[in-house]
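Residue strings, one per chain:
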Amino acid sequence: MAQENLNPFEISQRQFDTAAEKIGLGDGMREVLRNPKRQLIVSVPTLMDDGSVKVFTGYRVQHNLARGPAKGGIRYHPKVTLDEVKALASWMTWKCATVNIPYGGGKGGVACDAKKMSRAELERMTRRYASEIAIIIGPDRDIPAPDMYTDDQTMAWIMDTYSMTMGYSSLGVVTGKPLQLGGSAGRNEATARGTLFCIREACAVLKKPVRGATVAVQGYGNAGAISARLLHQDGARVVAVSDSKGGVYQSRGLDPAQLDEHKQRTGSVVGFKSAERITNEELIEVKCDVLVPAALENQITLRNASRVRARVVAEAANGPTTPGADRVLRDHGVFVVPDVLCNAGGVTVSYFEWAQNMQGYFWDESAVNRELERFMKRAFHEVHELGKRHKVDMRTAAYMLAVGRVAEATRVRGLFP
Ligand code: GLU
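Presented here is a report on the structure given in the accompanying data block. Note that the coordinates shown come from a computational prediction; the quantities given were computed from them, not determined experimentally.

The next point concerns the overall build of the protein chain. Secondary structure assignment for the protein chain yields 14 helices and 12 strands. On C-alpha atoms alone, the protein chain measures out to a radius of gyration of 20 Å, which is about the 22 Å that the 2.2 N^0.38 rule sets for 417 residues. Seen through its C-alpha atoms, the protein chain measures out along the principal axes to roughly 55 × 55 × 45 Å. Within the span of the protein chain, comprising 417 residues, buried residues form 59% of the whole. Long-range contacts, defined as pairs at least 24 residues apart, comprise 68% of the intrachain contacts of the protein chain with a sequence gap of at least 6.

Structure follows, in C-alpha cells:
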C-alpha cells in the first residue's frame, strides 16, 4: 500500500485544492487562501510546583481574516506542532464560512501534557501563554475558545489575564467562558448538539430513523461524551465508546449516564461493567449505523477505511479522515458529514456568546438551541444541495461553499494597498 501523507496542514491544503479546482479559483486567489495570514510562536516559561522552570512552546495562527476576526480554540496536547495548528486554523476558516458566521479562522496550542500538570501549573502556564499571545488577540481581532484539554476555567484565566493587561474587563476576548463570567447557556453542549442535528439530517437523507440506530463514538471528551448522551436521548443505541486509554463494546447498548459516572470515578471508560474491551482501532471498525470520531486527526486512513462498516461517519473531531480514506468511504457509499460542518455547533454557539457579550444581553438556553438548530440545518442543506448539484461528496461540497464565500469576501475587499 502506498505511504499516505499524514501531515495535517498538507492534508488541509489538499482538501482546499480539490474545492478550488472545482470552483475554478484563479492562481493568485488560491495562493492567498491556502496559506495562513499570521503565525506566532511563543516560549512559555512556567514555574512548576517543584520549584523548577519549564519552557513550553505555544502557537497562535490566524489563517484568514477576510470575513471577520479570527476564531478558534486553544489545544493543550503533547503532540501539538505548528503544522497541526496551521491545519486547525484553516479548518476554522472553512468551518465559519460553511455555517456562515462572520469570522475568519484561527487556532492556538501549547505542547504540554495537561493531564500530568497540577491546576496551579496549568493556571501559570495559561496566564503566561495568554500574555504572550495578547499582542494579536482581542474581541475584534482574534477570539480563542476551548479545544482538547482546555475548558471554561482555562478561558476564565485567559479572559482575566487579557483584562488585567488592558485595564478593563473584556468579556468578548474569549468564548466558552463559565456562565458567571459571560459564558453562554448551551455552549458546553454545543459541539455535540450540532453533531446531533447533522446526524438527524443525514439519517433523514438516508431514510433511516435515529431511533434504534447503532452508534460508536471514538473519544469521550466534551464532544464525544455529550454526543453519546444526546444520541441515547434520541433513542439511538450506543454500542461502543473509547478514550485515550481504550474502549468498550456492548451490543445491547451502553448507558451514557453510567459511563460518565464510571469515567468520573476511574478516569477512563475502560473497565465499564459487563462490556467487552476493545481498542481505539477496533472501535473504528465496529459494525454500526453511525460512527462518530470525536478524538484526534488521522483516525480513518487508507489502512482501515475499507473496514469501516458504518453507514454514516459524523466527524465531531477535526481532521479525523485522510483524503485517501475519504475516497474509499465514498466508493463504499458511506455518508460522511465533514468536520467543518459536523462539529461547527461549537463555534456557532461561540458566535452567539460573543454577540451576547458585545450587546450585554443574554439569551436563555432554549433560544440558543433553537438558533443553533436553524444555523446547522441551513448549513447542512446548503452543503447537501450543492453536493447533489455538482455530484461531489459532502466534504468537497462544504469546501466549495466555504472557499467560495471567503474568496468572494476577499475579492470585494480588493487587494491592499
Ligand atoms: N475548538 C472548537 C472547534 O474546533 C471551537 C472553536 C470556537 O468556539 O471558537 O471548532
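That was the structure; now back to the text.
For the rest of this paragraph, the subject is the packing of aromatic side chains. Remark: the centre distance and the inter-plane angle together describe each pair of aromatic rings, the angle taken between the planes. Applying the stated rule across the entire model yields 10 aromatic pairs. Taken together, a centroid distance of 5.8 Å and an interplanar angle of 85 degrees make the contact between Tyr 103 and Tyr 351 edge-to-face. With Tyr 103 in the loop between helix 3 (82-98) and strand 4 (104-110) and Tyr 351 in helix 12 (residues 345-359), this residue pair connects regions lying 248 residues apart in the sequence. Between Phe 352 and Trp 363, the aromatic rings sit 5.1 Å apart at their centres with planes inclined by 40 degrees, giving tilted as the arrangement. You can see Phe 352 sitting in helix 12 and its partner Trp 363 sitting in the loop between helix 12 and helix 13 (365-390), a full 11 residues away along the chain. The exposure class assigned to Phe 352 is buried, which follows from its relative accessible area of 2%. Its relative accessible area of 23% is what places Trp 363 among the partly exposed residues.

What follows deals with the sheet that holds strand 1 (residues 38-47). On the basis of which strands lie adjacent, the open sheet formed by five strands has the order 1-2-4-3-5 and mixed pairing. Edge positions in the open sheet fall to strand 1 and strand 5 (142-146), since each of these has one partner strand only. Here the average twist between neighbouring strands, direction ignored, is 20 degrees. With five bridges joining them, strand 3 (residues 70-76) and strand 4 adopt parallel strand pairing. Bridged to Tyr 76 within strand 4 is Val 110.

The next point concerns a positive patch on the surface. On the surface, a cluster of positive charge is made up of Lys 37, Arg 38, Arg 141 and Arg 413. With a relative accessible area of 41%, Arg 141 lands in the partly exposed category.

This part covers a nonpolar patch on the surface. A contiguous nonpolar surface patch, about 280 Å² in accessible area, is contributed by Leu 47, Val 53 and Val 55. Mapped onto the secondary structure, Val 53 falls in strand 2 (residues 53-64). Overall, Val 53 belongs to the exposed group, its relative accessible area being 58%.

Looking now at the side chain of Arg 30. Secondary-structure assignment places Arg 30 in helix 2 (residues 27-34). Of the polar contacts made by the side chain of Arg 30, one reaches the side chain of Glu 21; its length is 3.2 Å. In this structure, Arg 30 is in contact with Phe 16, Ala 20, Glu 21 and Leu 25, ignoring residues within four places of it in sequence.

In the contact formed by helix 12 and helix 13, the axes pass within 10 Å of each other and the chain directions differ by 130 degrees. By the angle between their directions, the pair helix 12 and helix 13 is classed as oblique. Every pair of crossing elements has a handedness; the one defined by helix 12 and helix 13 is right-handed. Here Gly 345, Thr 348, Val 349, Tyr 351, Phe 352 and Gln 356 of helix 12 come into contact with helix 13, specifically with Val 368, Glu 371, Leu 372, Phe 375 and Met 376.

Here the focus is the nonpolar core. Most often, soluble globular proteins keep nonpolar side chains buried together rather than apart. Grouped together as the largest cluster of nonpolar side chains are 80 residues, with contacts concentrated most on Trp 94, Val 241, Val 292 and Val 337. Ranked by residue count, the leading element in this core is helix 14 (residues 394-413), at 11 residues. For Val 292, the contacting residues outside a window of four places in its chain are Thr 195, Ile 199, Val 215, Ala 216, Val 217, Gln 218, Leu 231, Ala 314 and Ala 316. Leu 40, Met 48, Ile 136 and Trp 157 belong to the second-largest nonpolar core, a separate cluster that totals 25 residues.

Another point: the site of the ligand. Near the ligand there are 14 residues, and of these Lys 71, Lys 95, Pro 146, Asp 147 and Ser 350 occur at the shortest range. Elements with a contribution of two residues or more to the shell around the ligand: strand 3, helix 3, strand 5 and helix 12. Along the lines of polarity and charge, the residues of the shell around the ligand split into four nonpolar, five polar and five charged.

This paragraph deals with the pairing of strand 8 (residues 246-249). Examined bridge by bridge, strand 7 (residues 237-243) and strand 8 share four bridges and lie antiparallel to one another. Within strand 8, the position partnered with Ala 240 by the bridge is Tyr 249. Judged from the three bridges that link them, strand 8 and strand 9 (residues 276-278) form a sheet pairing that is antiparallel. In the sheet register, Tyr 249 faces strand 9, and the bridge partner there is Glu 276.

Thresholds, definitions, all that
Residues numbered from 1 in each chain as written. Predicted model: local features only at pLDDT ≥ 70, side-chain atom pairs only at ≥ 80, totals over all residues. Heavy atoms only, no water. Helix = DSSP H or I, 4+ residues; strand = E, 2+ residues; numbered from the N terminus. Rg over C-alpha atoms; globule rule 2.2 N^0.38 Å. Buried < 20%, exposed > 50% of the residue type's maximum accessible area, 1.4 Å probe, protein only. Contact = heavy atoms within 4.5 Å. Phe/Tyr/Trp six-rings, centres within 6.5 Å; stacked < 30°, edge-to-face > 60°. Pairing = 2+ DSSP bridges. Axes fitted to C-alpha atoms, helices over the stretch in contact; angles between N-to-C directions. Patch = residues over 30% accessible without salt bridge, like charges linked within 9 Å, V, L, I, M, F, W, Y side chains within 5 Å. Areas by Shrake-Rupley, 256 points an atom, 1.4 Å probe, with all protein chains shown as cover. Salt bridge = Lys/Arg side-chain N within 4 Å of Asp/Glu carboxyl O. Lys, Arg positive; Asp, Glu negative; His and termini not counted. Charge placed at Lys NZ, Arg CZ, Asp CG, Glu CD. Polar contact = N/O pair within 3.5 Å; in protein donor to acceptor, adjacent residues only side chain to side chain. Parallel < 35°, antiparallel > 145°, perpendicular 65-115°, else oblique. Left-handed = near helix turned anticlockwise from the far one by under 90°. Core = buried A, V, L, I, M, F, W, Y, C linked by side-chain atoms within 4.5 Å. Near = heavy atom within 4 Å. Nonpolar A, V, L, I, M, F, W, Y, C, P; charged D, E, K, R; others polar.

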